[in-house]
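# Inside the fold
One letter stands for each residue in the lines below.
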Amino acid sequence: MTYVAGADFGTLSVRVTIMECETGVAVASVAEGYPLHRDPADPLIARQAHGDHMASLARAMQGAIAAAGIDGHDIAAFAADTTGSSVVIVDDALQPLGDYYLWADHSAHAEAEEITALARAEGLEALEWCGGTYSHEWGYAKLLHFLRHNPDKRDRVATALEHCDMVAATLSGVRRVQDIPRSVCAMGHKWMWNPKWGGYPAQDFLSRVDPLLDGINARLEGRFGMAPEVAGHLSPEWAEKLGLKPGIPIPFGAFDAHWDALGSGGRQGDVVNVVGTSTCFIAIAPKDVAPVPGICGVVPGSVTPDTAGIEAGQSATGDIFEAIARRSNRDLATLMQGLETYRPGQTGLLRLPWDNGDRTVLVRSDLGGITLGWDLGHGAEDELHAAIEGMAMHTRIIHDRMEQCGMAIRHVINGGGIPQKNDVLNQIYADVLCRPVHVPQSSPTGVGSCIMASVACGALPDIATAQERLAPSARIFTPRPDAVAAYDKLFEIFRSVYMGFGAGAPLDLGSVLPNLRAFRLGAKV
C-alpha cells in the first residue's frame, strides 16, 4: 500500500490527513491548534508565530501516524496548503524577524491604498489582473507596513515569504533566499507575479510607492513552480520531528482554498465556494480567461497547471454566524434549530455581510455589517437566517461578476467545513443561485494536499486520476422553483442596497423597508 500525507494550515489549527492511494481511504485525520495573537486595542491585528505552526504540524503528524496505525516511513510524499496572504519577514538565515501577518491582519490598509492609487494613476497592467484594487490583505502591503513600523529591523530584512512557501522551505532544509520555492498560486494572487509582464511589477513602480521598497524584487527571488512539481525533499531534521522518511518529495505549496477546491472534486468550469470562518471562492477557468474587476486575482496555474484560477472572497462567513450566536448566549447548533422551516425572506430582514469589510466585489475594508427591517418581534434566529440569505445573495453577486469575464459556470460546489453540517445553508444557496449545489459527502479538508502528494511521488499519474481516486462523492441540493422566484425578488433589493451603500449607486431608500415588510407578512412584492 502507498500512503501520502497532506496538511491544511487553517486560521486556528493545522490538520494532517493520511490517505491510502490504492483505495482512496483516509486512514487518519488529526488537527492541532495554535495561538492567534490579537490586540484588544487594535482590531486590525492578527498575528501568528512560525514556531507555533511547525510545532503543531509535528504533533498533528505524529498523532495521525499513530491513529492510522502505520509506520511513518511508509508515507511516500507530503504536501501542505496554508492560508494566504499570510506573510512572514525573515533574515538571511530565513529566521523570522517577527510573527506572520495572518491573512486576517488588516493593518496594511494605508499601504494598500497607496499601491492601488499609484497603480491606477499609471495604468499598471498587473492591477487589472488582481481585480483593479490591491488589497490590505496582500503581500507587498504587509511587507511595506513591516518596513515602516520596524525601523530597527530594516537592515536585517532578507526577504518575505508566504506561509505555504515558508513551510516547504523549512521542511526541505532551504537556507538561502535564492533557493526558496515560490508558489505561483501565492505569488500570482497576492504579489502581482505573472510571466506575462516578466514576473513581479516593475521595481521602479514599487520604489515610487515608497523608497523603502527599493530593490525589494531582487530580494523576492527564488524558484517559481506549481504543484504537483516537486519543490524539495524532506530534510533529515524534519523527518525525525515528523516521524517520516528523509528524502520524500514535497511539492510546491498553495493556498488552502485552491486545494480544497480540488479536494472537493472541482474541475474546469466549476466554482467552489470554500465556506468556513470566511469564504474563498475558487473558479477553475480556461487559461485564456480575461481579468475581472473586483475579483482577488486571475492567475494561470494557481489551481492546476493547465487552468487559470479566479479567486474571490467574503471576509467573514462562519465568524458572523458565530458572532450572532454569541450575542444571543446560545451555541450555533441550538440557534440553527427550526430554520429549515423558514420560507424565503420570511424574517423581513435584509443582512449585508460586511461585518469584517467587503473583500469582493467592492474591496472595501471600511464597510460594516448592515441589518435592515428590524421589528419588536425579531430574535437572534431570525438574524441568523437573514445572515445565511445575505451570504448566499453576496455569493450570487460574486458569481455574476465571474461570469462577466467569460467564465461559464458548469457546477457549483460548496466545499469547506460549514456545508458538511449545515443543510439549511446548502439549500438556501441552491435556491438563491438557481443552480444545483454539490456538497462533498465527507470533509475535503486535506484531500487536495493528498492529491498533490500522490502525483508528486508518482503513486497516481495525474491530478484528474488522483481526484477520481481520493476526492469524496457529493450530495446535490436542487433549487426549489417557488423559493427561486421569491429569492429573485429579494435579490433585487439586496443588490440595490449592496451597491447603494457600498458603491454609492442610486438607491430608492423609501421602497426598501416597505418591501422587506411585505416579505415579513407574506405579501407579494
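All of the points below concern the structure found in this document.

Quick notes on the rules
Residues numbered from 1 in each chain as written. Predicted model: local features only at pLDDT ≥ 70, side-chain atom pairs only at ≥ 80, totals over all residues. Heavy atoms only, no water. Helix = DSSP H or I, 4+ residues; strand = E, 2+ residues; numbered from the N terminus. Rg over C-alpha atoms; globule rule 2.2 N^0.38 Å. Buried < 20%, exposed > 50% of the residue type's maximum accessible area, 1.4 Å probe, protein only. Contact = heavy atoms within 4.5 Å. Lys, Arg positive; Asp, Glu negative; His and termini not counted. Charge placed at Lys NZ, Arg CZ, Asp CG, Glu CD. 1 Å grid on protein atoms, 1.4 Å probe; cavity = no way out; pocket = protein on both sides within 12 Å on 5 of 7 lines; lining within 4 Å. Points joined across faces, edges and corners; volume = space filled by probe spheres on them. Nonpolar A, V, L, I, M, F, W, Y, C, P; charged D, E, K, R; others polar. Axes fitted to C-alpha atoms, helices over the stretch in contact; angles between N-to-C directions. Parallel < 35°, antiparallel > 145°, perpendicular 65-115°, else oblique. Phe/Tyr/Trp six-rings, centres within 6.5 Å; stacked < 30°, edge-to-face > 60°. Lys NZ or Arg CZ within 6 Å of the ring centre and 35° of its normal. Pairing = 2+ DSSP bridges. Core = buried A, V, L, I, M, F, W, Y, C linked by side-chain atoms within 4.5 Å.

Turning to the overall build of the chain, a few remarks are in order. When helices and strands are tallied, the chain shows 18 helices and 23 strands. Its C-alpha atoms give the chain a radius of gyration of 23 Å, near enough to 24 Å, the size a compact globule of 525 residues would have. C-alpha atoms of the chain, sized along the principal axes, occupy 70 × 55 × 45 Å. Expressed as a percentage of its 525 residues, the buried residues of the chain come to 62%. Taking contacts inside the chain between residues at least 6 apart in sequence as the whole, the part at least 24 apart equals 71%. Treating the 42 positive side-chain charges of the chain as one cloud and the 61 negative ones as another, the clouds have centres 3 Å apart.

Further remarks concern empty space enclosed by the protein. For the structure shown, the criterion picks out four cavities of 30 Å³ or more. Approximately 70 Å³ is the volume found for the largest cavity. Taken together, A126, W129, C130, G188, H189, M192, W193, N194, W197, V298 and V299 form the lining of the largest cavity. Contributions of two or more residues to the lining of the largest cavity are made by α6 (184–190) and β17 (298–300). Within the lining of the largest cavity, the residues separate by chemical class into eight nonpolar, three polar and no charged.

Further remarks concern the packing of helix α10 (residues 256–263) against helix α15 (residues 447–456). As a packed pair, α10 and α15 sit with axes 7 Å apart at the nearest point and diverge in direction by 80°. Comparing the axis directions of α10 and α15 gives the class roughly perpendicular. Contacts from W259, L262 and G263 of α10 reach α15 at V447, G448, S449, I451 and M452. Across the contact of α10 with α15, the residue classes tally to five nonpolar, three polar and no charged.

All chains considered together, the criterion is met by seven aromatic pairs. Measuring from ring centre to ring centre gives 5.0 Å for Y140 and W191, while their planes differ by 65°; the resulting arrangement is edge-to-face. On the criterion of sequence distance, the pair formed by Y140 in helix α4 (residues 139–149) and W191 in the loop between α6 and α7 (203–209) is long-range, its members being 51 residues apart. Here Y140 and W191 have matching classes, each one buried. Taken together, the ring pairs in this structure connect Y140, W191, W193, Y200 and F224 into an aromatic cluster. Above the ring of Y101, the side-chain terminus of R47 is found at 4.1 Å from the ring centroid. One cation-aromatic arrangement involves K241 over W238; the distance from NZ or CZ to the ring centre is 4.3 Å.

Backbone hydrogen bonds are what pair the strands of a sheet, in a parallel or an antiparallel way. Across the sheet, which stays open at both edges, the seven strands sit in the order β17-β18-β16-β15-β21-β22-β23 with mixed pairing between neighbours. Strand pairing shows two members of the sheet lacking a second neighbour, β17 and β23 (474–477), which therefore form its edges. The sheet shows a mean angle of 25° between the axes of neighbouring strands, taken without regard to direction. When strand β21 (residues 411–415) meets strand β22 (residues 437–440), the two strands line up parallel, connected through two bridges. Directly across from V412, in β22, lies its bridge partner V437. Strand contacts of helix α14 (residues 423–433): β15 (270–275), β18 (308–314), β21, β22 and β23, with the helix running at about 55° to β23, the strand carrying the most contacts.

Glancing now at α10. Across the eight residues of α10, eight count as buried, placing the element largely inside the fold. Every buried residue of α10 is accounted for by D256, A257, H258, W259, D260, A261, L262 and G263. Remark: G265 follows α10 within two positions and exhibits a positive phi of approximately 90°.

The next thing to look at is the nonpolar core. Looking at soluble globular proteins, one finds that nonpolar side chains tend to be buried together. One finds I310, F321, L350, L384, I388 and M402 to be the most contacted residues of the largest nonpolar core, which totals 67 residues. If one sorts the elements of this core by residue count, helix α13 (residues 380–403) sits on top with ten residues. The contacts of M402, once residues within four sequence positions are left out, are V271, F281, A283, I295, I310, A312 and M407. Judged by nonpolar contacts, the second largest core, of 37 residues, contains I115, L127, F146 and W191.

Don't take any of this as a statement about function, it's just geometry.
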